[in-house]
Amino acid sequence: MTSLSGKTDIDWDAFTAALAPVETITEPVLIKKRSRDFFWYSPILNDALKRCFGDLVVRPKTTEELARTLAVAYAHDAPITIRGGGTGNYGQAVPMDGGLIVETTALNQVIEIGEGYVTAQAGALLADINAALAPHGAELAMFPSTQDIATIGGFVAGGSAGIGSVANGALRDPGNILSLTAMTVTDTPELRRFDGADALHIHHAWGLNGVIAEVTLRTVKRYDWVGGMATFDSYEDGYAAGYAIAQAETIHAKLLTTVDARICAYFPKLEGHIRAGKHLLVTMIRPHDVDPLRTLITQMGGHVDLMLTDEERAALKLPHVFDFSYNHTTLQVLKADRKATYQQVGCPIPPDAKAIADVRPHLGDDVWMHHEFARVGGEIVTFDLPIIWFQSPERLAEINITYEAHGFTVYDAHTWNVEGGGLKPDYTHLAWKKRMDPKGLLNAAKSRFWDDVKHLDPDEIEAKGHSNAG
Ligand SMILES: Cc1cc2nc3c(=O)[nH]c(=O)nc-3n(C[C@H](O)[C@H](O)[C@H](O)COP(=O)(O)OP(=O)(O)OC[C@H]3O[C@@H](n4cnc5c(N)ncnc54)[C@H](O)[C@@H]3O)c2cc1C
C-alpha cells in the first residue's frame, strides 16, 4: 500500500500486518473521511487542511489493543493522530503529517458511576454517558452540543465548555475534570494517571500530549430541564436579560444564549414558533424556575415565545434548544450558506450590555452577534461566537482589530495550531508532550513551538516556560 498522504515512506501493508488482529480501515475514501473534522467552518482552515490525509485508520477495542497500536507506531516512527467523533472545529483531528489515525470509538465503556462522578473510556459518546447517568438521577456537569457524536476523550482533549457551563464552569475549572489516564507513545506504552489540576496538562492539548484512555468527569443532579425561547426588540436588551438571569438567585440556568435576529432567519424549524425579526434569548432552566423566569423576561422588555418541557418539545417535533447554541448556531447558518464563518471573542467582564451596544455599529453588517453565557473561575462571563460573512483574511483581521480596540479578546478560530487558540499559549505544555511522546509522533505539526524545544529534556522545556514563546 503506497502512502495516501504522500508524506510517509512507511510500508503500510507491513504495518497493518504487524497490527493484526487490531481492526484497521484501509479504503482510501474512508481514510480521507476520517482525516477531516469541522475545520470547514473556516475558509482559511479549509484551504490549509483539506488536502491533509492519513495513511491508515486503526480502531482498537481494548486498552491492550491501544497499547499494541502505539507500540507498533513507535517502532515505525509513524505520525499518529487521535480521533474521537471528529467534531472539532480547528482541524484538531487532521493528520498534518499523514500516518496513522487512531479512532477511539470502539473504546466506549462507561466504567463506573459514583456520587458526583462518572468514569468512562475515551471513546464513549457523551450522549451515551448522559443516558447511563439518567437512571442515577445524574448528568454530566457540561456537554457540547455535539454530544450525540462527540466522545468524552475528544471533549477533554479538544473542547472547553458547553451546555451546563453557565452553572458549573468551564472544563478547566477545578473539580470538573476529576482525573484521566493517558497512554505514553513509547516502546512499551504505559498508562499514567493525572489527578485534579494535573489533568490540565492533557486537557485541550489537541491529542499532542498523550493518548487519553479513560476520563473521570464531575456529574451533577439531573433535572427535567425546561427549554425556553424569548424575543427582544433590541440585541442589548436580550443580552442584559441573559446577564440578569445568570445572576438571579431564583433561576438556575443550564444554558443562556443570545442570537442576533438576522441569524434567527436561518432557523426554519423555529418559524412560526418565535417572533420573526426579533433578537433571541435561548434558555434551559429547572422546572421550578419557570415563573420567575417569565417575570424577569417581561420586566426586561422581552416576550416569552416558547417554554417547553422535553415531552412538549418532542410532541411539537422541535429540536432541542441547545441546537441553537454554541457552534450549532453557526451550523444552522452554514447549512444554508457556506459563505458564513465565525469567530470566538471573549467579552468584557462582568458582562456589560453597553459594551455590546457600543461595539455593534463598528463591526459592520457582515458580523452578526451570538453570545454564550458561562461561568469561568466562578465569574459570569460571555463569549461572542458571531456569524461572519467571510470576504477575505484581511477583512477578518480588521474585524478582530475592531473587537480588540473595544476591549474584547479574540481567541482565533482560524488557526490550526494548538498555541493559537489561547489555552496553551507557551512552551509549558510541550514538557508533557516530551514526557508522554518523546519522539513527537502525536501530530507534532499542530504545535507552533515543538520544533523549538523537541531536542530539550522535559524539565528544560518546563524551565523555558513562557520565556521565548510568541
Ligand atoms: C456544531 C458543533 C458544536 C460544538 N459545540 C461545542 C461546545 O458546546 N463546546 C465545546 O467545547 N466544543 C464544541 N464543539 C467542538 C467539538 O465538538 C467538541 O470539542 C467535542 O467534544 C470534540 O469531541 P470529538 O470526539 O468529536 O473529538 P475529535 O474532534 O475527534 O478530537 C478533538 C481533539 O481531541 C483529540 N483527541 C480525541 N480523542 C483523544 C484521546 N482519546 N486522547 C487524546 N486526544 C484525543 C483529537 O486528536 C483532536 O485534537 C462543537 C463543534 C461543532 C461542530
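First, a word on what this report is: a plain description of the structure on this page. These numbers come from a predicted model, not from an experiment.

Focus: the site of the ligand
Then, in step 1: Around the ligand there are 37 residues in total, and Ile82, Gly84, Thr87, Thr151 and Ala161 lie nearest to it.
Then, in step 2: At a separation of 2.9 Å, an oxygen atom of the ligand approaches a polar backbone atom of Trp206.
Then, in step 3: In the model, a nitrogen atom of the ligand is placed 2.8 Å from a nitrogen or oxygen of the Ile212 main chain.
Then, in step 4: In isolation the ligand exposes 980 Å². Once the protein is present, 97% of that is buried.
Then, in step 5: Those elements that place two or more of their residues in the shell around the ligand are β3 (80-83), α6 (152-158), β10 (211-221) and α12 (326-336).
Then, in step 6: Ranked by residues supplied to the shell around the ligand, first place goes to α6 with five residues.
Then, in step 7: For the shell around the ligand, a count of residues per class yields 14 nonpolar, 21 polar and two charged.

Observations regarding the packing of helix α1 (residues 12-19) against helix α4 (residues 63-76)
Then, in step 1: Between α1 and α4, the least distance of the axes is 10 Å, while the angle of their chain directions is 145 degrees. Pair α1 / α4 crosses with right-handed handedness. Here α1 contributes Phe15, Ala18 and Leu19 to the contact with α4, which in turn contributes Arg68, Thr69, Val72, Ala73 and His76.
Then, in step 2: Looking at the contact of α1 with α4 residue by residue, the classes come out as five nonpolar, two polar and one charged.

Points about empty space enclosed by the protein
Then, in step 1: In total, this model carries one cavity of 30 Å³ or more according to the counting rule given.
Then, in step 2: Taken as a whole, the largest cavity holds about 30 Å³ of empty space.
Then, in step 3: Taken together, Leu140, Ala141, Met142, Leu171, Asn176, Leu217 and Arg218 make up the full set of residues lining the largest cavity.
Then, in step 4: Here the residues of the lining of the largest cavity are counted per class, giving five nonpolar, one polar and one charged.

Re the sheet that holds strand β17 (residues 367-368)
Then, in step 1: Read across the sheet, three strands follow the order β15-β20-β17 without closing on themselves; strand pairing throughout is antiparallel. At either end of the open sheet lies a strand with only one pairing partner, and these are β15 (340-342) and β17.

Concerning the sheet that holds strand β21 (residues 409-410)
Each strand in a sheet pairs with its neighbour through backbone hydrogen bonds, running either in the same direction (parallel) or in the opposite one (antiparallel).
Then, in step 1: Across the sheet, which stays open at both edges, the eight strands sit in the order β14-β11-β13-β12-β18-β19-β16-β21 with antiparallel pairing between neighbours. In this open sheet, the two strands that pair with only one neighbour each are β14 (303-308) and β21.
Then, in step 2: Judged from the six bridges that link them, strand β12 (residues 253-259) and strand β13 (residues 279-285) form a sheet pairing that is antiparallel. Within β13, the position partnered with Val259 by the bridge is Leu280.
Then, in step 3: The sheet contacts of helix α8 (residues 235-247) involve β11 (226-232), β12, β13, β18 (370-376) and β19 (379-384), and relative to β12 the element is tilted by about 170 degrees.
Then, in step 4: Here α12 sits on the sheet in contact with β12 and β18, set at roughly 165 degrees to β18.

Quick word on the packing of aromatic side chains
Then, in step 1: All told, the structure shown has 16 aromatic pairs when counted by the stated rule.
Then, in step 2: Taking 5.2 Å as the distance between ring centres and 65 degrees as the angle between the ring planes, the aromatic pair formed by Trp40 and Tyr41 counts as edge-to-face. Assigned by exposure class, Trp40 and Tyr41 land together as buried.
Then, in step 3: Arranged with centres 5.2 Å apart and planes meeting at 65 degrees, the rings of Tyr427 and Phe449 form a pair that is edge-to-face. In this pair, Tyr427 is assigned in the loop between β21 and α15 (428-436) and Phe449 in the loop between α15 and α16 (450-453), connecting sequence segments 22 residues apart. Of the two residues, Tyr427 and Phe449, both sit in the buried class.
Then, in step 4: Site record: aromatic cluster; members linked through ring pairs are Phe38, Trp40, Tyr41 and Tyr342.
Then, in step 5: The cationic tip of Lys221 hangs over the ring face of Tyr223; the distance from NZ or CZ to the ring centre is 5.0 Å.

Details of the packing of α8 against helix α10 (residues 290-299)
Then, in step 1: Packing of α8 against α10 brings their axes to within 10 Å, and their N-to-C directions diverge by 145 degrees. Seen from above, α8 lies across α10 with right-handed handedness. Mapping the contact onto sequence places Ala241, Ala244 and Ile245 in α8 and Leu293, Leu296 and Ile297 in α10.
Then, in step 2: Each residue belonging to the contact of α8 with α10 can be placed in one class, and the counts come to six nonpolar, no polar and no charged.

Some details on the nonpolar core
Then, in step 1: In terms of nonpolar packing, the biggest core is built from 44 residues, with Met229, Leu255, Phe267 and Leu280 touching the most fellow members.
Then, in step 2: Sorting the residues of this core by element identifies α3 (43-49), β12, α9 (261-264), β13, β14, α12, β15 and β20 (387-389) as the ones contributing at least two each.
Then, in step 3: Element by element, the count of residues in this core is highest for α12, at four residues.
Then, in step 4: Residues contacting Phe267, with those up to four places away along its chain left out, are Val259, Leu280, Phe324, Thr329 and Gln332.

Notes on the pattern of salt bridges
Then, in step 1: One pass over the structure, following the stated rule, counts 23 salt bridges.
Then, in step 2: Residues Glu236 and Arg360 are paired through a salt bridge, measuring 3.6 Å at the closest nitrogen-oxygen approach. Taken together, the positions of Glu236 in helix α8 and Arg360 in helix α13 (residues 353-363) put the pair 124 residues apart, joining distant regions of the chain.
Then, in step 3: Between Asp260 and Arg360 there is a salt bridge, with the nearest N and O atoms lying 3.0 Å from each other. Pair noted here: Asp260 is in the loop between β12 and α9 and Arg360 is in helix α13, with a separation of 100 residues, a long-range link.
Then, in step 4: Judged by relative accessible area, which is 0%, Asp260 ranks as buried.
Then, in step 5: Residues joined by salt bridges that share partners form a network here, namely Glu23, Arg34, Arg59, Lys61 and Glu103.

Thresholds applied
- Residues numbered from 1 in each chain as written.
- Predicted model: local features only at pLDDT ≥ 70, side-chain atom pairs only at ≥ 80, totals over all residues.
- Heavy atoms only, no water.
- Near = heavy atom within 4 Å.
- Polar contact = N/O pair within 3.5 Å; in protein donor to acceptor, adjacent residues only side chain to side chain.
- Areas by Shrake-Rupley, 256 points an atom, 1.4 Å probe, with all protein chains shown as cover.
- Helix = DSSP H or I, 4+ residues; strand = E, 2+ residues; numbered from the N terminus.
- Nonpolar A, V, L, I, M, F, W, Y, C, P; charged D, E, K, R; others polar.
- Axes fitted to C-alpha atoms, helices over the stretch in contact; angles between N-to-C directions.
- Left-handed = near helix turned anticlockwise from the far one by under 90°.
- Contact = heavy atoms within 4.5 Å.
- 1 Å grid on protein atoms, 1.4 Å probe; cavity = no way out; pocket = protein on both sides within 12 Å on 5 of 7 lines; lining within 4 Å.
- Points joined across faces, edges and corners; volume = space filled by probe spheres on them.
- Pairing = 2+ DSSP bridges.
- Phe/Tyr/Trp six-rings, centres within 6.5 Å; stacked < 30°, edge-to-face > 60°.
- Buried < 20%, exposed > 50% of the residue type's maximum accessible area, 1.4 Å probe, protein only.
- Lys NZ or Arg CZ within 6 Å of the ring centre and 35° of its normal.
- Core = buried A, V, L, I, M, F, W, Y, C linked by side-chain atoms within 4.5 Å.
- Salt bridge = Lys/Arg side-chain N within 4 Å of Asp/Glu carboxyl O.

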